[in-house]
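# Coordinate analysis (summary)
Chain residues, written in single-letter form:
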Amino acid sequence: MANFDYVALNAQKAKVSGAIEAADRRGALAALKAQGLTPLSISEQAAPKEAKGKQGGESFWKLSSGPAKRMKPAEVLLFTSELADLIEAGMTLGAALNSLANQGDPNSGICVVSADLRDRIMRGEAFSDAVNAHPKTFPGIYGNMVRAGEASGAMVEVLHRLTEHYERNQSMKSKIVSAMTYPAIVLGMGVVAVIFAMVKIVPQFTDLFASMGRELPLPTRMLMAMSDGLIKYGVVYAVAAVVLIVLFRKWCTGSGRMKWDGFKLRMPLVKGLIASGAFASLAYTMQTLLANGVNVLQALRISEETCGNAVIGAELRKARERVTDGTTISGPLAQSGVFPRMMTDMMALGEQTGNLPNALGHIGKRYEAELNRNIKVFTTALEPLLIILVAVVVGFVAIAILSAVFSATSAMGA
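The paragraphs below set out a description of the structure included in this document. (Residues numbered from 1 in each chain as written. Predicted model: local features only at pLDDT ≥ 70, side-chain atom pairs only at ≥ 80, totals over all residues. Heavy atoms only, no water.)

## Here we look at the pattern of salt bridges
As a reminder, the rule being used: A carboxyl oxygen of Asp or Glu within 4 Å of a side-chain nitrogen of Lys or Arg is what we treat as a salt bridge. To qualify as a helix, a DSSP run of H or I must reach at least 4 residues; to qualify as a strand, a run of E must reach at least 2; elements of each kind are numbered from the N terminus. Note on classification: 1.4 Å probe, protein chains only; a residue is buried when its accessible area is under 20% of the maximum for its type, exposed when over 50%, partly exposed between these limits.
On inspection of all chains with the given rule, the structure shows 15 salt bridges. For aspartate 116, the salt bridge identified is with arginine 120, shortest N-O distance 2.7 Å. Of this pair, aspartate 116 and arginine 120 both sit in helix H5 (residues 109–122), separated by 4 residues, roughly a single helical turn. The class for aspartate 116 is buried, based on a relative accessible area of 1%. The exposure class assigned to arginine 120 is buried, which follows from its relative accessible area of 17%. Shared partners join several salt bridges into a network, and the residues in it are Asp116, Arg120, Arg123 and Glu125.

Put into C-alpha cells, the structure is as follows:
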C-alpha cells in the first residue's frame, strides 16, 4: 500500500486536499470517486522527485493545460463518437468525459483534453465554452453546434451529426491523399534513381570518355557537367532546395496564400480535385450548421474559417457582408465567379423553398461524387504523364552515353 496526496472537488464544487492510502494510483482514484470527490491532482508520497511525472505525479490540470496537448482530427472523430455513445447510454456529460479521460494512455490527446473539459464542466462552465477553450482541437463549427445542442437539448443528436461531419471530411481527405500518394512515390523513386546514376554511374563513363582525347557530343558534355556539379555541390543544392521549400510554404501560408489558392483552383488536372473537394466540404459544413439552428451569418463565418481555401473564404466573407443588407446567400456567391452555376442555382432554390440545409446536402453529395470522378481522371491521366517523364530522363541519359560511344567507334573505324 502507498500514500497519495490529492486535490479534488467535493459535491459543493469546493476544492479539498488530503492524503489517501491505496495499492496504486488507479485504486486511489477509485477511492476518491467512491467518496464523491472529483480528483484534480494526485501524487504518490513515496515516489522520488525524478519519477513523479512517470508514476502519476502529474496533475490532471497541468496535463490538460499544456500548450502542446491537442487532438488530431481522427482523435476528435473518435472522441465525439464515444462521447455520444456514452451520453446516449445514460451517462451524464461529466461522467462521460471522466470515462474518456481515464481510458488508454493518460498523456494521449484524448485523455488530456477530456480531463480538461471534465474539470471545466465541474467548475460550472458550459460545455460549449469548455470546447472553445481548445481552438487548436475543436474548430468553430464544433463549439457552435455544441452551443446549439445545449440550447435545444439535443446534445446526442448534435454529437452524432458532428461525427458524420468528421467522417465525411476524413473520407474526402483520405481519397485526395491516396490519389496523390502514387505520383509522389513514383517521382520520389525517380529522383533517387537519377541522383544515384549521376553520382555513381555517370562518373565511370566520364573517365572513359576523357581518355579518348576527342571532343564529346553536346548531350554527353551536358550530362557530364550535371554529374560533376551534383558531386561537387550536391550538399549546397540540397540545402538550397530545403530553404526554397520552406520559403515557398511560408509564402503560401502568408502573403501569397490568396495567389496560391487561386492557382490551385485553375491548375490543370489538379483543379478538379481541389475545387470539388472544397465545394463538397463547404456544402456539408453549412448544411450541418444550419440544420442544427446556427444562424446564417454565423454559419458563413465558420465556413469561411474552415473552408481551407483563401479565395473561397474571401467570397464567403463578401457574401456575409451582403447578407447583413438583407440579400440572399446565393446571389453574392453567383456574382463572385468562383462558385459553379449549378451550386448557386441549387442554393437559390433551397432559399426559395425555405429548405436550404436540404439543398446543401444535395450539393455536397453532387460534389462528393464529382470528387470521386476527378480522382479517377487524375490517376488515369497521371500514369502516362509519369511514363513520359521517366522516358525523357532515361532517354536523355541513354542518348548522351550512346552518342559518345558511337563517336568513339566511328573514330576508331576511321
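## Observations regarding the nonpolar core
The cut-off we apply is this: Residues grouped as a nonpolar core are buried Ala, Val, Leu, Ile, Met, Phe, Trp, Tyr and Cys residues, joined through side-chain atoms within 4.5 Å. Throughout, a contact is declared for two residues whenever any of their heavy atoms are within 4.5 Å.
Core analysis: the biggest nonpolar cluster contains 70 residues, and Phe79, Leu83, Leu117, Phe127, Phe138, Tyr142 and Ile312 have the highest contact counts within it. At 11 residues, the largest contribution of residues to this core is made by helix H11 (residues 271–291). Apart from residues lying up to four places away in sequence, tyrosine 142 is in contact with Val76, Phe79, Thr80, Val131, Leu159, Leu162 and Tyr166.

## Section: the environment of valine 296
Mapped onto the elements, valine 296 comes out in helix H12 (residues 296–306). Linking valine 296 and methionine 286, residues 10 residues apart in sequence, is a C-alpha distance of 8.6 Å.

## Quick word on a nonpolar patch on the surface
What counts here: Exposure above 30% relative accessible area and the absence of a salt bridge qualify a residue for a patch, where like charges join within 9 Å and nonpolar side chains (Val, Leu, Ile, Met, Phe, Trp, Tyr) within 5 Å. Working definition of accessibility: Shrake-Rupley area with a 1.4 Å probe, residue cover restricted to the visible protein chains.
Taken together, Val235, Val239, Val243, Leu244 and Leu247 make up a surface patch of nonpolar side chains, about 490 Å² in accessible area. For valine 239, a relative accessible area of 48% corresponds to the partly exposed category.

## Some thoughts on the side chain of arginine 168
Test applied: Charge convention: Lys and Arg are scored as positive, Asp and Glu as negative, and His as well as the terminal groups of each chain are ignored.
Here arginine 168 is to be found in helix H8 (residues 155–210). Buried within the structure, arginine 168 lacks any salt-bridge partner; glutamate 164 is the closest side chain of opposite charge, at an N-O distance of 4.5 Å. If we ignore the near neighbours within four places in the chain, the residues touching arginine 168 are Tyr284, Gln287 and Thr288.

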